[in-house]
Amino acid sequence: ERENAFIEWYPRGYGVGFKVKERLFETQTKYQRLELYETEGFGKLLVLDGTVQLVEIGEESYHEPLVHPVMLAHPNPRRVLIIGGGDGGTLREVLRHKTVEKAIMVEIDEMVIEVSKIYMNVARGAFEDPRAEVIVGDGVEYLKNTDEKFDVIIVDSTDPVGPAKMLFSEGFFRSAYETLNDNGLYITQSGSVYLFTNELLDAYQSMKNVFDEVHYFSFPVIGYASPWSFLVGVKGDIDFGKVDLERAKGLGLYYYDPERHETLFQMPRYVRELL
Ligand code: AG3
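Residues numbered from 1 in each chain as written. Predicted model: local features only at pLDDT ≥ 70, side-chain atom pairs only at ≥ 80, totals over all residues. Heavy atoms only, no water.

Asks: Explain the site of the ligand to me, using residue names and the numbers behind them.
Replies: Residues in contact with the ligand amount to 14 residues; listed here are only the nearest, E8, H63, D87, D156 and D159. H63 is positioned such that a nitrogen or oxygen atom in its side chain is 2.7 Å from a nitrogen atom of the ligand. Contact distances for the ligand include 2.6 Å between a nitrogen atom and a side-chain N or O atom of D87. When the free accessible area of the ligand is taken as 400 Å², the share hidden by the protein chains comes to 99%. The site holding the ligand turns out to be the largest pocket. Of all the secondary-structure elements, those providing two or more residues to the shell around the ligand are β1 (5-10), β5 (51-55) and α1 (60-73). Examining the composition of the shell around the ligand, we find that 3 residues originate from one element, β5, more than from any other. Split by residue class, the shell around the ligand holds 5 nonpolar, 5 polar and 4 charged. Both of domain 1 (2-55) and domain 2 (60-274) provide at least three residues apiece to the shell around the ligand. (Near = heavy atom within 4 Å. Polar contact = N/O pair within 3.5 Å; in protein donor to acceptor, adjacent residues only side chain to side chain. Areas by Shrake-Rupley, 256 points an atom, 1.4 Å probe, with all protein chains shown as cover. 1 Å grid on protein atoms, 1.4 Å probe; cavity = no way out; pocket = protein on both sides within 12 Å on 5 of 7 lines; lining within 4 Å. Sits in = over half its atoms within 2 Å of the grid points. Helix = DSSP H or I, 4+ residues; strand = E, 2+ residues; numbered from the N terminus. Nonpolar A, V, L, I, M, F, W, Y, C, P; charged D, E, K, R; others polar. Domains from an automatic or database assignment.)

Asks: Break down the sheet that holds strand β4 (residues 44-48) for me, with residues and values.
Replies: The strand order across the open sheet built from 5 strands is β1-β2-β3-β4-β5, with neighbouring strands paired in antiparallel fashion. Strands at the two margins of the open sheet, each flanked by one partner only, are β1 and β5. Neighbouring strand axes in the sheet, compared pairwise and without regard to direction, differ in orientation by 45° on average. Examined bridge by bridge, β1 and strand β2 (residues 14-28) share 6 bridges and lie antiparallel to one another. The partner of F6 across the bridge, within β2, is F18. (Pairing = 2+ DSSP bridges. Axes fitted to C-alpha atoms, helices over the stretch in contact; angles between N-to-C directions.)

Asks: Outline the pattern of salt bridges, supporting the account with residue identities and numerical values.
Replies: The final tally for this structure, using the stated rule, is 18 salt bridges. D129 serves as the salt-bridge partner of R131, at 3.0 Å between the closest nitrogen and oxygen. Residue class for D129 comes out buried when judged on its relative accessible area of 18%. The residue R269 makes a salt bridge to E273 at a minimum N-O spacing of 3.3 Å. Of the two residues, R269 and E273 both sit in helix α8 (residues 269-274), 4 residues apart, roughly one turn of that helix. The burial state of R269 is the same as that of E273; both residues are exposed. (Salt bridge = Lys/Arg side-chain N within 4 Å of Asp/Glu carboxyl O. Buried < 20%, exposed > 50% of the residue type's maximum accessible area, 1.4 Å probe, protein only.)

Asks: Hey, could you go over the domain arrangement of the chain for me, with residue numbers and the actual values?
Replies: Each assigned domain of the chain is listed here: domain 1 (2-55) and domain 2 (60-274). Here the C-alpha centroids of domain 1 and domain 2 sit 23 Å apart. Counting the surface lost from both domain 1 and domain 2, the interface buries some 2,000 Å², and carbon and sulfur atoms represent 73% of this. The largest contributions to the domain 1 side of the interface with domain 2 come from Y10, Y31 and L54, which together make up 26% of the buried area. Taken together, the links from domain 1 to domain 2 amount to 0 salt bridges. For the side of domain 1 that touches domain 2, the elements supplying multiple residues, two or more each, are β2, β3 (33-39), β4 and β5. Sorting elements by how many residues they give to the side of domain 1 that touches domain 2 places β2 first, with 6 residues. Classifying every residue of the side of domain 1 that touches domain 2 gives 16 nonpolar, 5 polar and 3 charged. (Buried area = accessible area lost by both parts, 1.4 Å probe.)

This is the structure in structure tokens:
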């Protein structure tokens, strides 16, 4: 039975696993080890450096809370920057907002984009949307050098350990802050609440040093060691506690419930007290 399963091992021997029918693809890219499986009950499974990125059936449980709370809290998000997110799921959700005029995605690993395009249909046309621009490059460098400004910046990266560690540094948060318009929102996934608590606390403290206000929330994500955490940085005057329910209506959301926006902020008591 064990050979027919993929298990992601978290610290302390905590595992999240899927029964798999076959391994469809495996390669070492320039940046990471990429694997793709066909699972028994959740469609295809994309794995980077041994960590689950998504399962086709259920990926919205990650992409919806990553994208829509900030997009609906911002009064008029027109220009959006995505760092990472090579599979296209984040871009897809961003482009569902009619206010968006331009969405730039900066993904370091072209192979993730290519394999996702060939084997999965997570993007569902997002890459072909005229409002979308895909840049293959380093998000850290991009933020340091760009003259463009954005209303919303979304970081859809791998974990705050390893190659993506830089994306959780104070320097990176500072360049993101500079790249936001006067009123802007920043969001990053920030790891498993129970198993990456220290990484979450570190990122929260660094963001506090940079943004005008910082919020945390959690969501149960299919395929990850849930609850999963997210950190939101506010620049200027935006109330992240309130979302535009009118705009939310047209989105047909499945997991994130804007009418119960306040339930996002649930956090185990001991973690809240550490934050
Ligand atoms: N981005 C990866 C989130 C982190 C998952 N971590 C883990 N399983 N240890 C998701 C990519 C989907 N667009």
